[in-house]
Amino acid sequence: MESKALWAKRAEERFREIVRYGRYLANDHMALFLLIVLGAGGFYYQRWLENMPDAFPADGVIAALFAFLAARGSVITFFRAPDRVFLLPLEAKMGPYLIRCFLFSAGLNAAVLFFFAIAALPLHLRAGGTGTFFFAFFLTVLVMKAANLAVRWFMDHEAGPESRLFDFLIRFFANGAAFYYFLKGQYLFFAAVLAVFFLYSAYFWKRQKGKGLPWERLIENEERRMQAFYRLANMATDVPDLAAGIRRRRWLDPLLRRIPYGRDSAFRYLTARTFFRSGDYFPLYLRLTGIGILLNLIVSDFRFSALLSLFLLFGTGYQLLDLRRHHEAVLWLDLYPLPEEKKAEALLHLLGVLLSAQAACFAAVPFLRGDWQYGLLWLGGSALFVLWFLRFYCRGRLAKRKDPDWGKR
């Protein structure tokens, strides 16, 4: 099979897989909730723009946003684990395949950047900019995104993860400086940053020139990308290809020791240990909590910040519900001489603790600002939301999956 035909076949298979799982996500509650949040977010975003202070650093925010978007991501190759054996002899003939991979990745990222550009355009106009200038800025972002993809491709030939992290930070700050100087009209500094960036790119292009493809790294990138999608799809349906990683995280052991030792705490201990050590549950919780705190620090409108916080609370609980199914294939759990409803109790208890702690972190922001009224109001509202989520939403979700234990609650 020619490399062009192979790329078309792989792209079609990937598209079908995404569509197959995407239908379940579109029919799920999360899609409706996202539409509601996007609509409300757009409304409050417009209101915030009307009251935006003149001193707000709009150019800096836009530059930082697009700097991150330009620096993240890698070339989508559609490679699979067997390719390291079966395609290795054809590596010299993979040029057309890899060119299509790069063009496809650049086009897909351009679509994502266009979405964020549409969202950032009102902010730019409110800060005194023009649509024509922002269009020129967007074209600059597209060129820089393509250059970033090329540098990331070169960096995939490097051995250690530290070098790739260092590369990401360099490109992020270089992108940010270039975009900021462009928005400010300081084109001399903009050209200087571009020159340094392309010298940096040329250095790594020269380093990887003549080397073979880093098959292990490229396959790892694809597996990581697809596992992220599988985790998303797994919220709505079973995904057989989803793999769960395990990390020791010894520094969290003191939290596990707080669970009382005893027969009745077996499932509670198992659920907590699964949350801390298995899959992406704990990092996901930290990410959403950190994002919520950051948004509450940035957004001054209480209603908008409360809406965002409720969305993050719902998203956290929604994704952590997958803990209930994490050990479904482990038969030895059925040998536990414990009532089956203890599993549901353990999950409810853990979700209650986690969501309450997250809500308290969000409430800390208005308390630190001295807005005690808003802080107390948020604590009361979030407590009602957590109660509704645990008692009603979780009941419906697990009953929908025909969970025999949940009806006993």
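To continue, consider the overall build of the chain. Each helix and strand counted, the chain has 15 helices and zero strands in total. Counting across all 409 residues of the chain, residues that qualify as buried make up 43%. By sequence separation, contacts in the chain at least 24 residues apart represent 80% of the contacts at least 6 residues apart. Taken as a whole, the chain presents about 22,500 Å² of accessible surface, with 67% of it coming from carbon and sulfur.

In this section: the side chain of Asn296. Note that Asn296 resides in helix 12 (residues 281-298). Asn296 sits in the buried class, given a relative accessible area of 8%. A distance of 3.0 Å separates polar atoms of two side chains, one belonging to Asn296 and the other to Ser309. When neighbours within four sequence positions are excluded, Asn296 is seen to be in contact with Ser305, Ser309, Phe362, Val365 and Arg369.

Turning our attention to the nonpolar core. Residues Ile62, Phe66, Phe79, Tyr97, Phe137 and Phe179 are the most contacted members of the largest nonpolar core, which totals 51 residues. Only helix 1 (3-26), helix 3 (58-71), helix 5 (95-126), helix 6 (131-155), helix 7 (161-184), helix 8 (187-208) and helix 9 (215-233) provide two or more residues apiece to this core. It is helix 6 that contributes the most residues to this core, eleven residues altogether. Not counting the four nearest positions on each side in its chain, Phe66 is found in contact with Leu113, Phe116, Ala117, Ala120, Phe137, Val141 and Phe179. Counting 36 residues, the second-largest nonpolar core is a separate cluster that includes Phe302, Leu312, Leu313 and Leu350.

It is worth spelling out the pattern of salt bridges at this point. Counted by the stated rule, this structure contains 13 salt bridges. The salt bridge partner of Glu222 is Arg225, with a shortest N-O separation of 2.4 Å. Taken together, the residues span about one helical turn, with Glu222 and Arg225 both in helix 9 at a distance of three residues. The network of salt bridges with common partners includes Lys9, Glu13 and Arg80.

Right, let's get into the packing of helix 7 against helix 8. The contact between helix 7 and helix 8 brings their axes to 8 Å, and the two run at 155°. Relative to helix 8, the element helix 7 is oriented roughly antiparallel. Remark: the crossing between helix 7 and helix 8 carries left-handed chirality. Across from Asp167, Ile170, Arg171, Ala174, Asn175, Ala177, Ala178, Tyr181 and Phe182 in helix 7, the residues of helix 8 making contact are Tyr187, Phe189, Phe190, Val193, Phe197 and Tyr200. Across the contact of helix 7 with helix 8, the residue classes break down as twelve nonpolar, one polar and two charged.

The full count for this structure, using the stated rule, is two cavities of 30 Å³ or more. For the second largest cavity, the calculated volume is near 40 Å³. In this structure, the second largest cavity is lined by Leu69, Arg72, Asn109, Val112, Leu113 and Lys145. Considering each element in turn, the lining of the second largest cavity owes the most residues, three residues, to helix 5. Looking at side-chain class alone, the lining of the second largest cavity contains three nonpolar, one polar and two charged residues.

The rules behind the values
- Residues numbered from 1 in each chain as written.
- Predicted model: local features only at pLDDT ≥ 70, side-chain atom pairs only at ≥ 80, totals over all residues.
- Heavy atoms only, no water.
- Helix = DSSP H or I, 4+ residues; strand = E, 2+ residues; numbered from the N terminus.
- Buried < 20%, exposed > 50% of the residue type's maximum accessible area, 1.4 Å probe, protein only.
- Contact = heavy atoms within 4.5 Å.
- Areas by Shrake-Rupley, 256 points an atom, 1.4 Å probe, with all protein chains shown as cover.
- Polar contact = N/O pair within 3.5 Å; in protein donor to acceptor, adjacent residues only side chain to side chain.
- Core = buried A, V, L, I, M, F, W, Y, C linked by side-chain atoms within 4.5 Å.
- Salt bridge = Lys/Arg side-chain N within 4 Å of Asp/Glu carboxyl O.
- Axes fitted to C-alpha atoms, helices over the stretch in contact; angles between N-to-C directions.
- Parallel < 35°, antiparallel > 145°, perpendicular 65-115°, else oblique.
- Left-handed = near helix turned anticlockwise from the far one by under 90°.
- Nonpolar A, V, L, I, M, F, W, Y, C, P; charged D, E, K, R; others polar.
- 1 Å grid on protein atoms, 1.4 Å probe; cavity = no way out; pocket = protein on both sides within 12 Å on 5 of 7 lines; lining within 4 Å.
- Points joined across faces, edges and corners; volume = space filled by probe spheres on them.

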